[in-house]
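Here's the letter readout for the chains.
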Amino acid sequence: MKAVVITDFGAEPLLTDLPVPEPGPREVLVRLRAAALNPFDWKVADGALKGAVEHDFPLVMGSDGAGVVERVGAGVNLFRMGDTVYGQFMDVARGRGSYAEYALVSEDGKIARIPDNLPFTVAALPTASATAYQAIEAARLDTGQVVLVNGASGGVGQSAIQFAAHQGARVLATATPDVAARLRDLGAHETLDFTAAPVAEQVLAAHPEGIDAVLDLVSQPGDDGTAALAALLKPGGRLISTNHAADVEGLAAREIHGVNLANNPSRAELEALADLAAARKLRVTVDSEIPLAEAPAAVARARSGHSRGKTVILP
């Protein structure tokens, strides 16, 4: 099978041939029809999990994927040949990922069936939309409360806008002018051009009384920006960081609840996301669909700038 792999941490991704894997006990072999590119994919390739778990090289890149069950191993009860499924396929300890024609996953892994009316581009959902879903749940928003989505133009941000708006919150979203209209169409009530002035200053000018929650998809640990965003929150407010930039103890001293969120979707959440997408209550912008051979170049491009939608790879 064709697959995009790295041969060591920091190595350039390359397209190569690998044997089609055989499903072991309680494993499912999926013929992938789509995979989605996420920033986490190249962070792992650069060594984000080095020292935390073993890695087997050559390591197939990618996590998110969708396809058709090709074969099942002994003892599999939840899936059968011909089922259409999607989810997360990354297993670095075994060198597995989704930038390939085939992928193995445990039947108890992070996969779920796809509703009949959804295309295989549903592969764009598992990491970005599940992270957004969990983040907005952690924000515990009530109707009329104000939430800032910092870094709203990417896949996580676009889904978060929709989830927050569905809960009746007033959504502030950072965006450059060329994507502001798209974010408003998804449910953002106000858009803030982060290139025009510091985001915190713009929010404070419009909401001097403070806001209720911040979903920070941008700040890294130690960034000054995190403190500036936290200062916007009312007592009892919530700051959720997807980059582990929240100083949980420091925020608690100021009556702010900090959450460092790690993506870890359950099958039930994946099923819920697929149902929302099938009902057209969750929209994901797919900016480009590319063949597997172009995935290494797409990774290089994605590293260099702000995401405005998802890139879907078609093995």
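The shown structure was predicted, so the numbers you read here are calculated from the model rather than taken from an experiment.

On to the pattern of salt bridges, then. Per the counting criterion, the structure on display carries 13 salt bridges. As a salt-bridge pair, Glu22 and Arg71 come within 3.1 Å of each other at their nearest N and O atoms. Of the two residues, Glu22 is situated in the loop between strand 2 (14-17) and strand 3 (27-36) and Arg71 in strand 5 (residues 64-72); the sequence distance between them amounts to 49 residues. Residue Arg283 pairs with Asp185 through a salt bridge whose shortest N-O separation is 2.8 Å. With Arg283 in the loop between helix 8 (267-278) and strand 15 (286-291) and Asp185 in helix 4 (residues 177-186), the pair connects residues that are 98 residues apart, well separated along the chain. If you follow the salt bridges from partner to partner, you end up with Glu27, Asp91, Arg94 and Arg96 in one network.

Attention now moves to the pairing of strand 5. Sheet topology note: the strand 3/strand 5 ladder contains seven bridges and is antiparallel. Considered in strand 5, the bridge of Leu32 is made with Gly67. In the sheet, strand 5 pairs with strand 6 (residues 84-88) via five bridges, with the strands oriented antiparallel. Counterpart to Gly67 in the pairing with strand 6 is Val85.

Ordered in space as 2-1-4, the three strands form an open sheet in which the pairing is antiparallel. Each edge of the sheet is formed by a strand with only one pairing partner; in this case those strands are strand 2 and strand 4 (59-60). Relative to strand 2, strand 1 (residues 2-6) runs antiparallel, the two sharing four bridges. Along strand 2, the bridge assignment pairs Ala3 with Thr16.

Overall, parallel pairing links the six strands, which are arranged 11-10-9-12-13-14 in an open sheet. Lying at the two open borders of the sheet, with one neighbouring strand each, are strand 11 (190-192) and strand 14 (257-260). Taking the axes of each pair of neighbouring strands and ignoring which way they run, one obtains an average angle of 15 degrees across the sheet.

What counts as what
- Residues numbered from 1 in each chain as written.
- Predicted model: local features only at pLDDT ≥ 70, side-chain atom pairs only at ≥ 80, totals over all residues.
- Heavy atoms only, no water.
- Salt bridge = Lys/Arg side-chain N within 4 Å of Asp/Glu carboxyl O.
- Helix = DSSP H or I, 4+ residues; strand = E, 2+ residues; numbered from the N terminus.
- Pairing = 2+ DSSP bridges.
- Axes fitted to C-alpha atoms, helices over the stretch in contact; angles between N-to-C directions.

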